[in-house]
Amino acid sequence: MPRSTYALGCDQVTRLMTILLLVLSLFLLYEKLDVPLMLVFLLVLFSLLLRWRFTFNPLFFLIDATLLVVVSFFQVDATLLLALYIYTFASRIQVFALSPFFLYCLAILPFPLLLFPAVSLLLGLTMALWKKERDTMRQEADELRLKVHRLQEEEEHLLLDYQDAQQLSRLEERNHIAQILHDSLGHELTAAHLTLKAMGSLLVRGEVEKAQDSQAKALDRLENSLDQLKLAVRQLQSDEEAANQRLRQLFEQFSYPVDLHLSGDLELLDPAVRQVLYAAVKEALTNVAKHARPTMVKAHIAVTGATTRLMVENDGLYDQKNPETGNGLRYMRRRVEALGGSVAIQRDQTFRLLVTLPSKKEM
Amino acid sequence: MTIFMFALQQNLKQKISLLLLLVLPLVLLFIPSMSGSLPMGFSLFGLLNLYSAFLLTRPVVEDRMQKIVVRIAASPVSHGYYLASHLLASLLLLSVQCLIFVVASFLYFGPEQTNYLVLFLLYFSYSAMVLSLSLAWNSMFRSYATSFALFSGIGSIMCLISGLSFPLSLLPQSIQTMVRVLPTYYLAHGLLMLGKQSGSGILLSAVVLWIFAGIFLLIGSKRRF
C-alpha cells in the first residue's frame, strides 16, 4: 500500500509528544515563571534537543535528570520538569532509570501537579509499546521479504534446472533413437549388406541359384528393416501425439466451455516450447477459473514456422486488483521470456492474455 | 579563498547590509531617551541587530535553495565547517556593528552613562542568539521571500512586546510575564539590569541568551537539502 508523505510515524509522534509536554510544563509553570526558572527550563530543552540532534549514551540523561533534582532543592518548581525526563525514559522502557525520579516527583509535587509526571509516564510507555509493535511488524515484514527473495532465488535455480533437464532429455532422446536404430535396423542392414556381398561373390562364381537365395534373403532383411524403421518412427511420434493430446484435454476438461481455434501443426514445435505452451495454457485457464465467472472463453493457438501465438480471452471478471501482480503470471512470464518469447495482458471488459513464443527454442 | 572569507565577501556585497551594519546604528543614538533609564536607542539596537542577523543568514539559505548544499555535501568540505565558517563571518560582522554602536555611544553619551564593556558583551550575546534564531527560522522555509515576509511581521511584534521597541514597564503585567518565553526579552531585561547595575541580573540574561543561541543552533544547523 503506498504510504503518504505526510503520514506521522511512531518517531515523529514521540517527538511531537515531547514538544506537547514542554508546552504543557511551560503552561503549568506560567504563574511562577521568573528568569531563573526560565533558565532551568531552557537548559532542559537544550538537553532534550542535544539528544535529538546527536546520539549519546542514554546514561547521560541520568546525569541531566540528577542535576535537575539538585536544582530542584533550590528551585522547587523545577521538579515539574522532571516529567520530561520521565517521559523520555518511559518511551525507551528504562524503568529502573525513571523509577527514582518518578518517586521523587510523588514525594515533592502536590496533588494536581502530580498528574503531570504520571501522564508523562503513561504517555511514554504508550509510545514505547507502539514502537515495540512497529519494530515487530518491521521485523516480520523483513522476514517475509527475505522469504520472497529466497523463493525467487529458488525459482531461478529451478528454471535453470529445468533448462538443464530439457537439454538432458534431448540427449536421452537422441540416445533412445540411436539405440532403436542400432538394435532394430543395424543388425538387419548389416546382414543385408553381407548377404548382398555374398550374392556378388556367388554371381562371379556362376552359382546363380545360391545367388538368388541370397538375393531373397537380402530383400527379406531390407523389408524387415523398413518395418523396424516404421515401428521406431511410430514409437517416437507417439510421445509427441501424447503431448498434443494432453494440450487438447486441458481445454476439453476445463470447467467452462472453451471456443478453441487451433491452426498450424503442434508437432512442429520444439519439445521445450511445447512444454512452456502447455504450462501457459494451464496457467491461463486456472486464472480464468480463479478470477472470473465467464460466459465466454476463447482460445486461439496459431503455430507457424517461426512463431507460436496463444491468446486466451474471457469475460465475467471479478472486480479485483490488477492480476499482473499475481505470482502465476509472473512465473509464466519468466518461463516464456527464458525461451525468447513475450507475455502481454489486455484488460477492459474482458481479460485477454497473449503469449508469443518462438516455434523453435532459441539456443 | 576560505569559506569564511567568501562568506564575508558575500555579506559585504549587499549594500543594505552595509547600511544596517555601519550607518543605522549611528542614527539610533539620536533617539531621545526617557528620564531615569538607558537611552531608547540601546534597546532599539536589538531590533536593528535582529534584522541585520536575518539578512546576514541569507547566503546560507540561498545555498540551500539553489541546491549548492548538495554540491557541498559531495565535496570534501564538512557541513559543520561550512556552517561554522558562515556563522563566524556573520557573527564577526554583527560584532563590528555592536562595537561601532558601543563606541559611538561612548563618544556621544560620555563614559558615565553606563558600563560600555558589559553593554558590548550583552550585545555580543544577543547577536549570537539572533543569528541562531534567524538560521532556525529560515530552516523552516523553502523560499527566502516568504521567510522574510513572515519574519518581518513576527520579528517586529516580538521586539515590540519584549521591550525592545518601547519600555517594558509600559506593558501590562500579564504580558510582562508572558514575554519571558521570548528570546528578545532577555536583551531588554539585561539592559534593565545594566541600568540598575545588577551584575547577577546581567549575567543571568547573558546566560539565557547563550542557551537560546544553543537551542536555535541545534534546530537550525540540521542539514536540509
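Computed from a prediction, not measured in an experiment: that's the story for all the values here.

### Notes on the overall build of chain A
When its secondary structure is counted, chain A shows nine helices and five strands. Its helices and strands taken in sequence order, chain A reads α-α-α-α-α-α-α-β-α-β-β-α-β-β from the N to the C terminus. Here chain A, with 363 residues, has 22% of them falling under the buried criterion. Expressed as a percentage of contacts within chain A between residues at least 6 apart in sequence, the contacts between residues at least 24 apart total 68%.

### Section: the overall build of chain B
Across its full length, chain B carries eleven helices and zero strands. Beginning at the N terminus, the succession of helices and strands in chain B can be written as α-α-α-α-α-α-α-α-α-α-α. Looking at chain B residue by residue over its 225 residues, the buried ones come to 40%.

### As for the interface of chain A and chain B
Opposite the 13 residues of chain A that make contact, chain B presents 14 residues. A total of eleven residues in the side of chain A that touches chain B trace back to one element, the largest contributor, which is helix H2 (residues 35-53) of chain A. Tallied by class, the residues present in the side of chain A that touches chain B amount to twelve nonpolar, no polar and one charged.

### Regarding the nonpolar core
Core analysis: the biggest nonpolar cluster contains 90 residues, and Leu42, Leu81, Leu82, Ala83, Tyr85 and Ile86 of chain A together with Phe212 of chain B have the highest contact counts within it. The leading source of residues in this core is helix H11 (residues 199-220) of chain B, at twelve residues. The residues contacting leucine 82 of chain A, other than those within four sequence positions of it, are Ala65, Leu68, Phe101, Tyr104, Cys105 and Pro117 of chain A.

### Considerations on the environment of serine 72 of chain A
With respect to the element layout, serine 72 of chain A can be found in helix H3 (residues 59-74). Each residue touching serine 72 of chain A, except ones within four places of it in the same chain, is listed here: Ala78 and Thr79 of chain A.

### A few points about the packing of helix H1 (residues 10-28) of chain A against helix H4 (residues 82-90) of chain A
Residue and element names in this part refer to chain A. The N-to-C vectors of H1 and H4 enclose an angle of 165°; their axes lie 10 Å apart at closest approach. When the axes of H1 and H4 are compared, the pair comes out roughly antiparallel. Crossing angle aside, the handedness with which H1 passes H4 is right-handed. Listed contacts from H4 to Thr18, Leu21, Leu22 and Ser25 of H1 are Ala83, Leu84 and Tyr87. Here the contact of H1 with H4 is composed, by residue class, of five nonpolar, two polar and no charged.

### Side note on the pairing of strand E2 (residues 297-303) of chain A
Looking along a regular strand, one sees the side chains alternate between the two faces of the sheet. Residues and elements named next belong to chain A. Only one face of E2 is covered, namely the face carrying Val297, Ala299, Ile301 and Val303; the face carrying Lys298, His300 and Ala302 is uncovered. In this structure, strand E1 (residues 258-263) lies alongside E2, joined through six bridges in parallel fashion. Directly across from leucine 262, in E2, lies its bridge partner isoleucine 301. Handedness of the crossover is the feature at issue here: the chain leaves E1, passes through helix H8 (residues 271-291), returns alongside E2, and the resulting connection is left-handed. Bridge count between E2 and strand E3 (residues 307-314): seven bridges; the pairing is antiparallel. From the neighbouring strand, valine 297 faces E3, where its bridge partner is asparagine 314. The antiparallel hairpin formed by E2 and E3 contains three residues in its connecting segment.

### Observations concerning the packing of H3 of chain A against H4 of chain A
Residue and element names in this part refer to chain A. At a closest axis distance of 10 Å, the pairing of H3 and H4 adopts a crossing angle of 160°. As far as their axial angle goes, H4 and H3 are roughly antiparallel. The chirality of how H3 crosses H4 is left-handed. Across from Phe61, Asp64, Ala65 and Leu68 in H3, the residues of H4 making contact are Leu82, Tyr85 and Thr88. When its residues are assigned to classes, the contact of H3 with H4 shows five nonpolar, one polar and one charged.

### Examining the sheet that holds E2 of chain A
Strand-to-strand pairing in sheets goes through backbone hydrogen bonds, with the strands running parallel or antiparallel. All names here are of chain A. Reading across from one edge, E1-E2-E3-E5-E4 is the order of the five strands in this open sheet, with mixed pairing throughout. Looking at which strands have only one partner, the edges of the open sheet turn out to be E1 and strand E4 (342-347). With strand direction ignored, the average angle separating the axes of adjacent strands in the sheet is 10°. Its contacts with the sheet put H8 on E2, E3 and strand E5 (351-358), and the angle it makes with E3 is roughly 10°.

### Some thoughts on the confidence of the model for chain B
In the predicted model, chain B carries a mean pLDDT of 85, and 98% of its residues have values of at least 70. Scored as a complex, the prediction yields pTM 0.65 and ipTM 0.84.

### Let's talk about the pairing of E3 of chain A
Residues and elements named next belong to chain A. The alternating pattern of E3 places Thr308, Leu310, Val312 and Asn314 on a buried face, while none of Thr307, Arg309, Met311 and Glu313, on the opposite face, is buried. Alignment of E3 against E5, held across eight bridges, turns out to be antiparallel. Note that in E5 the partner of leucine 310 across the bridge is valine 355.

### Re unusual backbone geometry
Residue and element names in this part refer to chain B. Unlike most non-glycine residues, lysine 67 shows phi in positive territory, near 65°. Here lysine 67 is to be found in the loop between helix H4 (58-65) and helix H5 (68-74). For lysine 67, a count of 11 C-beta atoms within 10 Å puts it in the exposed group. The phi dihedral of glutamine 197 falls on the positive side, at around 55°, and the residue is not glycine. Considering the arrangement of structural elements, one finds glutamine 197 in the loop between helix H10 (185-196) and H11. Overall, the presence of 11 C-beta atoms within 10 Å leaves glutamine 197 in the exposed class.

### Concerning helix H3 (residues 40-56) of chain B
For H3 of chain B, with 17 residues, the first-to-last C-alpha span of 25 Å sits near the 24 Å given by 1.5 Å per residue. Most of H3 of chain B sits out of view: 14 of its 17 residues are buried.

### Some words on the environment of leucine 192 of chain B
Relative to the assigned elements, leucine 192 of chain B resides in helix H10. Classification of leucine 192 of chain B by C-beta neighbours within 10 Å gives buried; the count is 20.

About the criteria used
Residues numbered from 1 in each chain as written. Chains lettered and ligands numbered in written order. Predicted model: local features only at pLDDT ≥ 70, side-chain atom pairs only at ≥ 80, totals over all residues. Helix = DSSP H or I, 4+ residues; strand = E, 2+ residues; numbered from the N terminus. Buried ≥ 20, exposed ≤ 12 C-beta atoms within 10 Å, placed from the backbone. Contact = placed C-beta atoms within 7 Å. Nonpolar A, V, L, I, M, F, W, Y, C, P; charged D, E, K, R; others polar. Core = buried A, V, L, I, M, F, W, Y, C linked by C-beta atoms within 7 Å. Axes fitted to C-alpha atoms, helices over the stretch in contact; angles between N-to-C directions. Parallel < 35°, antiparallel > 145°, perpendicular 65-115°, else oblique. Left-handed = near helix turned anticlockwise from the far one by under 90°. Pairing = 2+ DSSP bridges. Right-handed = clockwise from strand over helix to strand, strands pointing away. pLDDT = per-residue confidence, 0-100. Expected span 1.5 Å × (residues − 1).

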